[in-house]
Amino acid sequence: MFAYIVRRLFLMLVTLFGISVIIFVLLRVVPGNIVDILFDAAGFVDPADKANLERELGLSQPIVIQYLHWIGGLLHGDLGYSYVSEKPALEEILPRIPITARLAGLALLFSASIGIPLGVISAVHQGSKLDYALRVVSLSGLSLPSFWLGLLVLMASVSLFGTMPIFNPNPKTWLEAITIYAVPAMAVGFRSAALTMRITRSSMLEILRQDYIRTARAKGASEASVNYHHALKNAVLPVITVIGIEAAFLIGGLIVTETVFNIPGIARFLVEALRWRDYPIVQNLVMFIAVVVVVVNFIVDMLYAAIDPRIRFGD
Amino acid sequence: MATINFDSELRRAGANATGGWGRLAFLAQRHVLGTVGLIIMLLFVLTAIFADLISRYDPLTVDSAHRLAPPSMLHWFGTDSFGRDVWSRIIHGARISLAVGIGSTTLGATLGVIVGLASGYLSGWVDLVFQRVTDILQSLPLLVLALVMTAALGPSLPNVILAIAIPLIPTVARVIRANTLALREQPFVEAAKSIGMSEMRIALRHVLPNTIAPLIVLATAQLGSTILTEASLSFLGLGIPEPYPSWGRMLSESAAEYVRTAPWLVIFPGIAISLAVFGTNLFGDALRDILDPRQRG
Amino acid sequence: MSEALPAETVLDVKNLQTVFFTNSGLFRAVDDVSFSVRRGETLAIVGESGCGKSVSALSIMRLVPDPPGRIVGGSVTLEGTDLLKLDDAAMRSIRGNRISMIFQEPMTSLNPVMRIGDQIIEAVRLHQKVSSKEAWKQAVDMLRLVRIPEPERRAQEYPHQLSGGMRQRAMIAMALACRPALLIADEPTTALDVTIQAQILALIVDLQQRLGTGLILITHDLGVVAQTAQRVIVMYAGKKVEEATVESLFETPLHPYTRGLMASIPAVPSPDAKEDVRLVEIPGMVPSLTRLPPGCAFAPRCKLAVDRCRQEYPPLDEVKSNHWAACWRAGEMAEAS
Amino acid sequence: AEPKSGGIFRIYHRDSPGSASIHEGATYSVNIPFMPIFNNLVIFDQHIAQNSASTIRPELAESWAWSGDNKTLTFKLRKDVKWHDGKPFTAADVKCTFDMLMGKSQQKFRQNPRKSWYDQVEEVTTNGDYEASFKLKRPQPALLSLLASGYSPVYPCHVSPAEMRTKPIGTGPFKFVEFKANESIKLTKNPDYFKKGLPYLDGIEFTIIPNRSTAILGFVSGKFDMTFPTEVSIPLLKDVKSQDPTAVCVVEPNNVSTNIIINSTAPPFNNLDIRRALALALDRKAFIQIMFEGQGDIGGTMEPAPDGLWAMPKDMLESIPGYGPDVEKNREEARKLMQKAGYGPDKHLQIKVSTRNIAVYRDPAIILIDQIKSIYIDAELDVVDTAQWFPKIARKDYSLGLNLTGNAVDEPDQSFYENYACGSERNYTNYCNKDIEKLFDQQSEETNLDKRKKLVWEIDKKLQEDVARPIIFHARTGTCWKPYVKNVTIMSNSSYNGYRYEDVWLDK
Amino acid sequence: MTEQRPLLEVTDLVKHYAVRGGVLRRQVGTVHAVDGVSFSLGAGETLGLVGESGCGKSTVARTVLRLIEPTSGAIRLDGEDIAPLSKTALRPYRRSMQIVFQDPFASLNPRMTAGDIVGEPLTVHGIATGAKKQERVAELFQQVGLRPDQMKNFPHQFSGGQRQRICIARALSLGPRLIVCDEPVSALDVSIQAQVINLLIDLQRKQNFSYLFIAHDLAVVAHISHRVAVMYLGRIVEIANKHELFANPRHPYTQALLASVPIADPKAKRSAPLIDGDVPSPVNPPPGCAFHTRCRYAINRCKTERPALQAAGTGHQVACWLNDGTGREE
Ligand SMILES: Nc1ncnc2c1ncn2[C@@H]1O[C@H](COP(=O)(O)OP(=O)(O)OP(=O)(O)O)[C@@H](O)[C@H]1O
Ligand SMILES: Nc1ncnc2c1ncn2[C@@H]1O[C@H](COP(=O)(O)OP(=O)(O)OP(=O)(O)O)[C@@H](O)[C@H]1O
Ligand SMILES: [Mg+2]
Ligand SMILES: [Mg+2]
Ligand code: NI
């Protein structure tokens with residue numbers, strides 16, 4: 001078990017290293033840099049000024065040196081300075097994390113708390129009208145462009161309540177705090193809820209065909225006990241994996257949702273930083289996201305092991 | 001004991017569905033949702049193919065005299081702010097969406113199959129390297145990767161297709177690898193080895209064909225999501241550029257300006273996207289039920 | 001049920017009919033099968049793969065998957081109650097309590113995420129009002145009863161930590177936890193090695209006799225039948241084709257299929273055996289249940305088949321005392337032997 | 001009504017500005033949020049929509065005076081002004097600011113987009129703490145207008161340019177509180193403002209919302225008191241009015257021209273005939289119809305009348321090829337020119353129209369492509385990412401480009417020198433006509449307004465006839481605020497100058 | 001058999017699987033799947049291999065064919081050691097040795113027709129193509145009792161027994177001299193099993209192959225084999241002529257195995273099972289004689305020292321310290 005964890009951690013480092021190289025190189029393959037963008041507004045680029053600024057920002061160094069510089073800094077906890085705001089990148093990134101984290105957490109919570117029960121219901125009533133209805137709903141959840149959904153929610157909220165949840169870092173009331181986060185979380189969580197529901201459903205159906213379910217029935221267990229006690233615990237395993245993978249997708253969904261709902265989290269920040277070619281921000285943010293994804297997957301695996309005794313004891 | 005009508009029970013089970021067409025008809029009836037999906041997909045494909053015949057105007061012709069015309073007999077879906085016919089644009093947009101969907105799915109699936117097959121079949125260091133690559137691609141959220149890619153490559157149809165295809169690779173590679181690993185242990189692969197077949201030939205002739213079914217299922221499922229990804233990229237300003245009438249951009253840009261004053265600009269592309277994605281999803285679902293025996297209910 | 005049954009009869013199955021509605025047609029998996037089991041008796045059901053053995057068992061338990069399966073006729077009377085007439089709740093109170101079942105696959109029949117002890121407890125607590133502590137004690141006792149070493153520790157473990165043989169023992173412990181009147185063992189040893197098979201069979205028989213349980217032992221191994229059962233029924237293509245006491249069946253099999261079966265099984269050579277006796281083949285293959293020939297289903301493979309066999313299904317006659325066979329030529333065979 | 005004090009003025013911001021330093025920026029994304037922090041020597045009257053020399057008011061300067069030779073401009077400064085950090089404001093700060101803008105000081109801006117504004121300034125001198133003079137190489141009456149622009153705040157000497165980008169210090173009515181990129185900009189009242197009693201507002205808060213529909217919804221739902229100035233398009237304006245009929249909305253030109261940059265150094269547009277044909281093919285009304293539902297203006301380089309000060313008279317304008325009202329006739333002529341150049345119905349010219357991937361650029365490009373179809377040109381749209389746009393233009397890697405030119409002040413000097421002078425950085429087409437250049441200087445030195453106007457018209461007309469950079473139209477945009485917002489004036493010939501907000505108040 | 005050189009001679013065959021763990025997937029244990037197996041097989045002879053599940057039977061079969069690489073040991077085919085050969089050098093030898101697997105459902109590629117499956121080896125070795133190949137395949141079909149018109153059917157259209165025939169036909173196509181049968185009838189119905197066994201015997205008579213025949217059913221092995229080897233935990237514990245082995249089993253494990261086989265005769269009443277417990281894990285096989293944990297005759301020496309195969313009569317070898325005829329001494 002311990003060896004397994006160490007091995008996983010090692011592989012995680014390898015993955016993160018690969019990501020750091022890829023993102024670093026990709027960014028530098030992108031034509032144009034921060035200097036072009038800073039000059040953009042001026043309506044021209046002065047080559048001398050540009051060279052100056054590039055030197056100042058370290059962009060004129062060989063790419064390998066730049067990379068080593070970055071990674072070296074990272075290892076010392078120094079993420080560099082944002083090209084745009086000239087503040088330490090850490091200072092820019094850190095305060096945005098809790099916002100996105102709350103949003104993502106809520107969305108996952110939403111997707112799990114809606115998706116899993118509905119998936120079970122749909123599987124248990126396989127072939128019924130209810131099943132069909134739930135499947136159609138979940139499929140539509142996967143078919144609506146999320147920005148569209150978000151916009152609809154906003155418009156509905158304005159026309160129904162005359163107001164809308166605009167982000168506010170210091171919500172005054174509880175209600176405000178909830179709407180600020182919950183509405184966008186639901187908009188983005190709808191998709192994952194739909195996905196979770198589908199996975200739960202097929203996983204349940206799969207499990208319900210297993211021999212040990214028949215054994216449980218042969219013992220005289222009630223349908224409810226069979227479904228929830230015996231089947232669900234097994235069926236939830238693949239669902240956990242999917243939720244883990246979904247965590248990565250969620251970041252993508254959040255980019256769009258944070259844009260629509262104008263939430264200053266890291267997802268939207270990433271897009272903006274990308275537009276500005278603000279390498280220190282993009283690099284570190286992508287690394288942060290990658291770390292989160294990798295760690296979430298690691299946790300999912302651990303969770304899997306916690307639920308599935310077969311994994312805990314075998315390697 | 002309740003009386004049981006054997007005939008109707010059998011019909012429900014599909015017993016009298018014989019022959020290719022009968023079987024197809026039965027499947028269609030058994031998977032109503034899937035059939036609906038298939039019809040939607042077919043409509044979508046036909047629309048894309050015959051776009052020039054179906055559309056009534058040139059999708060790019062600007063007409064300042066008829067801008068923002070509401071739906072009418074003249075312009076079924078109204079016109080946009082340039083006076084372009086929305087119906088014609090949606091019809092031609094099907095081409096773009098289809099190109100993006102099929103293009104990126106095919107590309108992603110092909111690369112994914114190569115990676116997955118090599119990784120599963122060759123094992124050893126090839127597997128190790130490819131697995132890390134898929135790990136890396138998987139740890140970068142799809143949209144983030146696509147964003148960086150389109151930023152890097154510039155917004156054009158082939159680039160968008162590429163940008164959407166790359167993130168598909170790990171998903172496909174994983175499935176194919178798992179399948180290949182399972183197949184590699186199959187006696188028929190060992191039998192092929194025992195007659196002295198080369199590894200390459202075994203991989204291509206025995207392993208690959210048997211991964212087709214899961215691949216098709218996966219690819220159909222991905223088709224819809226690629227269309228959505230393109231829409232999201234468009235929303236963020238990185239999708240397919242003008243003048244191509246991409247649904248995603250039609251929707252996202254109109255949504256910003258005309259959602260209330262000219263709702264048809266928003267409703268129709270929105271419906272087109274959702275319907276196309278919904279159709280592929282429905283069909284993909286049914287296909288999985290049919291092709292993946294473990295899922296059979 | 002008004003009809004009085006012989007006192008010691010635990011289970012009486014009459015004209016059981018179970019069908020499957022599938023896309024390749026109607027499977028009459030169990031077609032008009034009747035049999036009964038007495039207290040402490042072992043009834044073996046033999047037959048080839050797909051002949052309906054498991055479906056018969058599942059029909060008794062009312063666990064035939066629906067759809068596609070459906071019990072369409074007959075009665076299953078357990079200790080005087082027709083199980084087919086019970087509502088679901090009543091049936092559940094009987095399952096695991098009065099009838100239990102052991103399945104073929106010890107590897108997959110236990111819930112992988114529940115501890116062994118808990119799975120046994122569940123069987124107990126579903127039917128008896130006992131505290132969980134008490135139930136746990138009973139579970140450990142049951143494990144000891146089925147001769148699992150260190151039962152306290154094993155009860156805490158998960159199925160994957162047990163070997164195949166031990167899992168099957170745990171299954172038996174679970175099945176017998178409520179001291180059922182009838183135990184159905186569906187090929188309980190097919191997946192196991194011979195040495196383990198011997199242990200498990202000995203265990204089942206021993207416990208069955210100690211508890212006075214009726215036992216239905218489903219197997220395709222005639223050796224197992226010979227060594228464990230008192231009575232045997234032979235099934236072929238969903239139908240019961242022969243029923244007899246073990247001795248009578250092995251002495252004079254009266255159905256050509258049974259005969260073929262016995263002759264086609266190689267025997268461990270006795271020292272005095274001649275070199276290389278060719279095995280007797282039953283030509284052809286087991287028919288698909290959807291496309292059964294008219295008349296006797298075995299006729300296409302039967303050397304003795306006459307025209308009548310191909311047209312009319314033979315009734316199950318008591319050819320000798322306590323020996324029934326469904327063959328037009330069973331009488332001839334009985335005389336010949 | 002009597003102005004009331006108090007309240008936070010909430011505005012949404014269209015995007016996150018690159019820095020807080022107005023001198024280093026070149027977009028009103030910087031001006032609007034940060035102008036309230038500063039003061040200029042002089043400023044255009046904040047409540048007269050049309051900026052002109054006659055609306056210039058003193059601000060940090062108490063008064064100004066031209067020397068007799070019109071080559072020295074002297075400002076007498078106020079003595080009661082303090083920087084937000086408490087240090088006194090003196091003439092040294094003025095000198096520092098303009099020396100830096102002219103590139104003469106030790107400290108440098110990262111970028112200095114308006115350096116050319118001060119090309120004629122020889123030096124800035126001080127006389128004591130409260131007098132500063134601009135010595136010119138030659139007379140340039142326009143200098144005062146340039147100094148009155150929102151783009152010309154006075155920076156403190158004692159704060160480095162880097163700090164000014166992140167934590168600007170000014171003398172203005174509001175103090176900088178914080179700027180969170182992509183999130184918000186917050187300003188708070190400067191209690192020590194030298195204009196007693198001002199400002200009325202307790203503070204200004206900008207919430208950055210790049211997504212237009214979200215932003216408009218926010219305004220409609222009352223989350224904001226005002227939209228981002230000049231950012232509401234005509235269709236959206238209707239939407240706003242329909243959802244919130246009480247909203248006060250104005251539509252003003254903002255002195256931004258949409259034009260075509262032509263690469264005349266390479267085929268096919270090195271052929272004047274084809275350039276002319278292109279100019280003739282434009283249906284400017286159609287552009288305006290589509291982009292502004294008719295509410296845009298047709299003109300030359302200078303902003304059209306009545307809001308523009310320097311616009312050519314109508315008949316003069318219409319005499320320029322392509323400006324005539326009969327589009328079909330123009331196009332007929334254009335086709336002839338094309339045929340002369342060897343193209344025709346069977347031989348179309350294939351080109352690309354490059355532009356930036358921003359709607360205000362892209363949309364006219366789409367219309368342009370559609371219009372030039374009529375003269376046998378098949379154009380394809382080539383959208384270019386922001387970071388690549390200027391490098392691409394500089395490389396001359398385009399044939400036609402669709403471009404927007406914004407003018408900070410309605411002032412020919414600024415427009416002509418910046419966009420048409422030989423060697424100017426923003427002269428993307430490298431148009432260079434020494435004769436016209438002489439005229440530029442001539443009008444610049446001219447102190448007689450009428451004479452100067454005539455000269456300007458002549459230049460403008462020539463520029464159009466040379467098809468140097470055909471102007472398609474001048475845009476108009478809207479701004480909306482809630483009725484309780486008082487004292488906001490949107491300028492009608494510039495969108496960079498009207499955001500001091502010192503006397504804006506909320507009637508709530 | 002006779003003194004002539006055996007067709008196949010396996011000496012000290014070892015196959016260890018690494019059990020990996022730890023950070024760099026370093027090896028933390030070893031599965032002693034096959035741990036020093038030696039036997040020989042003459043032309044036209046059948047050697048049966050029995051033993052409990054997991055004792056290494058399939059591993060022997062696969063290593064002999066070099067489908068998996070042996071850890072050590074020699075595999076001599078006609079005197080030539082094929083163990084060290086490279087994959088290309090091995091190819092010609094592949095024609096001489098073929099395999100039939102247990103699971104007839106998984107042994108055939110579901111996406112190829114039966115004819116293609118049987119003809120594939122011919123293509124791979126460039127023996128025949130086109131019409132000639134078809135002809136040869138048809139011939140093979142007839143040989144195994146299938147109709148040539150079934151060549152264009154797909155595997156799922158055949159029954160289990162028929163599929164096993166296709167597998168046999170595929171094995172025959174290259175004209176091998178050794179066919180390794182890894183439980184070829186275990187998955188078949190009893191009445192079908194006889195057909196396949198008879199077919200295998202008939203083919204051997206006609207074409208003089210050698211079989212290495214693996215099964216867990218002692219009766220089946222006994223029926224088809226000339227000699228039988230009994231494996232336990234990666235080793236052969238006893239090997240003898242069939243009749244000798246059944247009449248006079250020397251190793252306690254063989255005895256237990258024989259006693260455990262249920263006899264299809266109600267009068268032959270069963271004896272109590274001779275051994276208890278389960279087969280130990282091959283990851284850490286017990287020291288000494290691997291069987292001592294379940295052996296009722298085990299003496300101290302069994303727990304520490306491993307007995308080697310020793311002669312116990314003509315053509316009879318047994319690996320037991322109590323190799324004195326009965327093994328029941330103490
Ligand atoms: N779920 C099902 N759906 C369709 N047909 C079924 C189903 N279960 C069983 N059958 C059919 O019923 C018939 C009898 O099956 P059953 O499982 O009783 O055979 P069996 O005698 O137990 O065989 P085995 O020895 O292989 O266990 C089979 O031919 C099978 O095709
Ligand atoms: N690829 C492998 N990696 C690790 N261990 C393996 C591998 N293949 C087989 N083993 C182990 O080697 C041992 C021998 O396996 P093998 O398949 O040869 O047994 P067998 O005698 O054929 O068993 P069965 O009767 O079940 O087919 C088993 O313990 C098995 O778990
Ligand atoms: Mg069965
Ligand atoms: Mg094996
Ligand atoms: Ni070893």
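Residues numbered from 1 in each chain as written. Chains lettered and ligands numbered in written order. Predicted model: local features only at pLDDT ≥ 70, side-chain atom pairs only at ≥ 80, totals over all residues. Heavy atoms only, no water.

- According to the UniProt record, the Sequence similarities (unreviewed entry) comment for chain E reads "Belongs to the ABC transporter superfamily."
- Turning to chain E, the UniProt record has this under Function (unreviewed entry): "Involved in beta-(1-->2)glucan export. Transmembrane domains (TMD) form a pore in the inner membrane and the ATP-binding domain (NBD) is responsible for energy generation." (UniProt positions renumbered as here; feature names shortened; annotations may be inferred.)

- Going by what an unreviewed UniProt entry lists, chain B is known as Peptide/nickel transport system permease protein and is assigned to Bradyrhizobium macuxiense.
- The record held by UniProt for chain B lists under Subcellular location (unreviewed entry) the comment "Cell membrane".
- The record held by UniProt for chain B lists under Sequence similarities (unreviewed entry) the comment "Belongs to the binding-protein-dependent transport system permease family."

**Remarks on helix α4 (residues 130-143) of chain E**
Residues and elements named next belong to chain E.
- Helix length check: α4 (14 residues) gives 20 Å between terminal C-alpha atoms against 20 Å at 1.5 Å per residue, within 8%.
- Among all positions in α4, only Lys133, Val137, Ala138, Leu140 and Phe141 are buried. The arc enclosing the buried residues of α4, seen along the axis, measures out at 160°, which places them on a common side. Those residues of α4 that are exposed and angled more than 90 degrees off the buried face are Ala131, Lys132, Glu135 and Gln142.
- Structurally, α4 contributes buried residues whose contacts are with α3 (114-124) and α5 (160-172).
- With its phi angle positive at about 85°, glycine 145 sits one or two positions after the end of α4. (Helix = DSSP H or I, 4+ residues; strand = E, 2+ residues; numbered from the N terminus. Expected span 1.5 Å × (residues − 1). Buried < 20%, exposed > 50% of the residue type's maximum accessible area, 1.4 Å probe, protein only. Arc of directions from axis to C-beta. Contact = heavy atoms within 4.5 Å.)

**Observations regarding the interface of chain C and chain E**
- Contact with chain C, which involves 48 residues of that partner, is made by 43 residues of chain E.
- In total, chain C and chain E occlude about 3,700 Å² of area from one another, counting both sides; carbon and sulfur atoms represent 57% of this.
- Counting across the chain C and chain E interface gives zero salt bridges.
- Taken together, the connections running from chain C to chain E amount to nine residue pairs in polar contact (both at pLDDT 80 or more).
- The element contributing the most residues to the side of chain C that touches chain E is helix α7 (residues 194-211) of chain C, with eight residues.
- A breakdown of the residues in the side of chain C that touches chain E according to their chemical character gives 26 nonpolar, twelve polar and ten charged. (Buried area = accessible area lost by both parts, 1.4 Å probe. Salt bridge = Lys/Arg side-chain N within 4 Å of Asp/Glu carboxyl O. Polar contact = N/O pair within 3.5 Å; in protein donor to acceptor, adjacent residues only side chain to side chain. Nonpolar A, V, L, I, M, F, W, Y, C, P; charged D, E, K, R; others polar.)

**Remarks on the state of the cysteines**
Residue and element names in this part refer to chain D.
- Scanning the entire structure with this criterion turns up three disulfides over all chains.
- Here cysteine 96 engages in a disulfide with cysteine 157; their sulfurs sit 1.7 Å apart. Between cysteine 96 and cysteine 157 the disulfide shows an S-S torsion of about 80°. By sign, it is right-handed. With cysteine 96 in helix α2 (residues 91-101) and cysteine 157 in the loop between α3 (143-147) and α4 (161-166), this pair connects stretches of sequence that are 61 residues apart.
- Classification of cysteine 96 as partly exposed rests on a relative accessible area of 28%.
- The disulfide partner of cysteine 422 is cysteine 432, and the gap between their sulfur atoms is 2.0 Å. Between cysteine 422 and cysteine 432, the S-S dihedral sits near 95°, and the bridge is therefore right-handed. With cysteine 422 in the loop between α13 (412-420) and α14 (434-445) and cysteine 432 in the loop between α13 and α14, this residue pair connects regions lying ten residues apart in the sequence. (Disulfide = S-S within 2.5 Å.)

**Considerations on the sheet that holds strand β3 (residues 42-46) of chain C**
All names here are of chain C.
- Taken in spatial order, the eight strands of this open sheet run β6-β7-β8-β3-β9-β10-β12-β11, and their pairing is mixed. In this open sheet, the two edge strands, each paired with only one partner strand, are β6 (99-102) and β11 (317-320). Strand-to-strand, the axes of this sheet are offset by a mean angle of 25°, without reference to chain direction.
- Note: β6 against strand β7 (residues 182-186), four bridges, orientation parallel. If you follow methionine 101 over to β7, its bridge partner there is isoleucine 184. (Pairing = 2+ DSSP bridges. Axes fitted to C-alpha atoms, helices over the stretch in contact; angles between N-to-C directions.)

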